[in-house]
Amino acid sequence: MNATATPRTFCLRNDVFAFPNETIWHHENGRAQWERAQKGKTGGERYMKRCFVLTRSASQFWRFANFAPDQPRPSTAELARQIRAVVAQPIWKAQRNPTRITIGGFANLRDASAAEPDVFRTNLGGWRQSYFRFGNWRIILPMGPPKQRATVVQLRQLLANDGPVVLWLINFPWLSINHAVLAARENEGRPGSFEVYDPNLPDKPQTLVFDEGLSQFHYPPTFYFRGGAVGVRAAYHKLWH
């Protein structure tokens, strides 16, 4: 069943996945320890290398899905079909008021992915969609202050006109971070401070800050990153990005 819905505010609590993207390596104090993490957080096969998959998919569910808790919950096979139908729709082709796929029996994406994590993990897409994403070629392009000033202007425009924005955080040629987050909004009264969904840390929004004086983005310390300067690029808003 499909329905047309008007745009709504992206909720960093409800419009994200309940389960995390897991990291390949064990981390201590933001630094990778060169041995693979032994145990998954989700049980069974570890769900990792999908930061782009989860951020892109969260944006797609916000744009193309409508959760209807008062309707019957779909069968496993039907839910799998609905998930695949949502994530098959390109973000860059989104219309202002698209026809949404209605998913019954759940209040929101967090509720659905908490109840049926295996169905979501199986049908959202594989790790190759992160590692071999077409836009990854842009890692070689300059990331200096002029580019970052242009990026923050672009980010504000995309948030105002299109909704949440997938951001690629990189410090190439260094490997301190190579990760995707989803920017939801610029904090009111705090210019340059953006609330983001980090798929490695789904239970609490993180804050990406743009320093106007230095023309540089900064990301806070996490278990996988020591915190500090990051290069930022917007992703998925165009076919080649």
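None of these values were measured; they are calculated from a predicted model.

(A) Seen up close, the side chain of Ser113. The residue Ser113 is located in helix H3 (residues 109–115) in this model. The exposure class of Ser113 is buried, given its relative accessible area of 1%. Of note is the side chain of Ser113, whose polar atom sits 2.9 Å from the backbone nitrogen of Ala18. There is a polar contact of 2.8 Å between the side chain of Ser113 and the backbone oxygen of Leu109. Not counting chain neighbours up to four residues away, the residues in contact with Ser113 comprise Val16, Phe17, Ala18, Phe19 and Phe120.

(B) Molecular detail of the nonpolar core. Formed by 39 residues in total, the largest nonpolar core has its most connected members in Phe17, Phe52, Phe61, Phe67, Phe120, Leu124 and Tyr197. Counting only elements with at least two residues in this core, the list comes to helix H1 (51–64), strand E4 (65–68), helix H2 (76–87), strand E5 (99–104), H3, helix H4 (117–123), strand E6 (165–170) and strand E7 (178–186). Here this core gets 8 residues from one element, more than from any other, and that element is H1. With 21 residues, the next largest nonpolar core counts Leu155, Val196, Val230 and Val232 among its residues.

(C) Here's a closer look at the pairing of strand E8 (residues 193–197). Of all 5 residues in E8, 4 are buried; the element is thus mostly enclosed. Bridge count between E7 and E8: 4 bridges; the pairing is antiparallel. Residue pairing across strands places Ala183 opposite Val196, the latter belonging to E8. Here E8 pairs with strand E9 (residues 206–211) via 4 bridges, running antiparallel. Of the residues in E9, the one forming a bridge with Val196 is Gln206.

(D) Broad picture of the pairing of E7. Bridging between E6 and E7 involves 6 bridges; their strand directions are antiparallel. Across the sheet, residue Val166 finds its bridge partner in E7, namely Leu182. Taking the residues that link successive antiparallel strands as the turn, the E7-E8 hairpin has 6 residues, and the phi of Gly189 there is positive, at about 80°.

Calculation rules
Residues numbered from 1 in each chain as written. Predicted model: local features only at pLDDT ≥ 70, side-chain atom pairs only at ≥ 80, totals over all residues. Heavy atoms only, no water. Helix = DSSP H or I, 4+ residues; strand = E, 2+ residues; numbered from the N terminus. Buried < 20%, exposed > 50% of the residue type's maximum accessible area, 1.4 Å probe, protein only. Polar contact = N/O pair within 3.5 Å; in protein donor to acceptor, adjacent residues only side chain to side chain. Contact = heavy atoms within 4.5 Å. Core = buried A, V, L, I, M, F, W, Y, C linked by side-chain atoms within 4.5 Å. Pairing = 2+ DSSP bridges.

Keep in mind these values describe shape, not function.
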